[in-house]
Amino acid sequence: MTVTGDQVRAAALSLARTTEQFEWQMPTFRVAGKLFLTLPEHETSMAVRCPIVDRDELVQAEPDKFWIAPHEAGNAWVRVRLAALDDLDELAAIVADSWRQAAPRELVDPA
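Residues numbered from 1 in each chain as written. Predicted model: local features only at pLDDT ≥ 70, side-chain atom pairs only at ≥ 80, totals over all residues. Heavy atoms only, no water.

Caption draft 1: How the structure looks around the packing of helix α1 (residues 5-13) against helix α3 (residues 88-102). Viewed as axis vectors pointing N to C, α1 and α3 meet at an angle of 50°, and their least axial separation amounts to 9 Å. Here α3 runs oblique to α1, going by the angle between their axes. The hand of the α1/α3 crossing is right-handed. Here Gln7, Val8, Ala11 and Ala12 of α1 lie close against α3, whose contacting residues are Leu88, Leu91 and Val95. When the residues that make up the contact of α1 with α3 are grouped by side-chain class, the tally is six nonpolar, one polar and no charged. (Axes fitted to C-alpha atoms, helices over the stretch in contact; angles between N-to-C directions. Helix = DSSP H or I, 4+ residues; strand = E, 2+ residues; numbered from the N terminus. Parallel < 35°, antiparallel > 145°, perpendicular 65-115°, else oblique. Left-handed = near helix turned anticlockwise from the far one by under 90°. Contact = heavy atoms within 4.5 Å. Nonpolar A, V, L, I, M, F, W, Y, C, P; charged D, E, K, R; others polar.)

In structure tokens, the structure reads:
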């Protein structure tokens with residue numbers, strides 16, 4: 001399955017307090033002003049937040065799906081090839097996980 005940039009956009013914008021902006025010559029998505037997803041490479045991949053330990057495991061386990069951009073090597077971000085995603089459920093899970101890492105606590109764990 002090939003996931004499209006529009007499907008990524010829909011998944012991101014379905015999450016609370018998410019906004020889309022165009023920065024660095026690509027679409028970027030923020031929750032409450034904090035960056036959690038970008039759509040680089042002509043919307044053929046996405047960059048998402050991911051703890052470095054988990055990111056390194058993902059890249060080792062599925063190098064055709066996940067990789068680390070050189071300028072993000074020291075940061076908690078991973079790239080995801082949209083064409084390598086299994087389905088829209090996997091897309092939604094990855095996007096939501098990145099969103100949770102950036103979202104304010106009251107959005108993630110409402111009282």
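Caption draft 2: A look at the side chain of Glu90. Tracing the backbone shows Glu90 in helix α3. Given a relative accessible area of 18%, Glu90 falls into the buried group. In this structure the side chain of Glu90 is engaged in a polar contact, spanning 2.8 Å, whose partner is the side chain of Lys65. For Glu90, the residues in contact, after removing those within four places along its chain, are Lys65 and Leu85. (Buried < 20%, exposed > 50% of the residue type's maximum accessible area, 1.4 Å probe, protein only. Polar contact = N/O pair within 3.5 Å; in protein donor to acceptor, adjacent residues only side chain to side chain.)

Caption draft 3: Broad picture of unusual backbone geometry. Backbone geometry at Ala32 places phi at a positive 50°, although glycine is not the residue there. Assignment of secondary structure puts Ala32 in the loop between β2 (26-31) and β3 (34-38). With a phi angle near 60°, Glu43 is a residue other than glycine that sits in the positive phi range. Counting through the fold element by element, Glu43 comes out in the loop between β3 and β4 (45-49).

Caption draft 4: Local environment of the pairing of β2. Judged by how many residues are buried, β2 sits mostly within the fold: six of six residues are covered. Two strands pair when backbone bridges link them, and strand β1 (residues 18-23) and β2 are joined in this way by six bridges, in the antiparallel orientation. Across the sheet, residue Phe22 finds its bridge partner in β2, namely Pro27. In this antiparallel pair of consecutive strands, β1 and β2, the connection spans two residues, and Trp24 shows a positive phi of 55°. Of the strand pairs in this sheet, β2 and β3 are connected by four bridges, and their pairing is antiparallel. Of the residues in β3, the one forming a bridge with Phe29 is Leu37. The antiparallel pairing of β2 with β3 creates a hairpin that spans two residues between the two strands, and Ala32 there sits at a positive phi of about 50°. (Pairing = 2+ DSSP bridges.)

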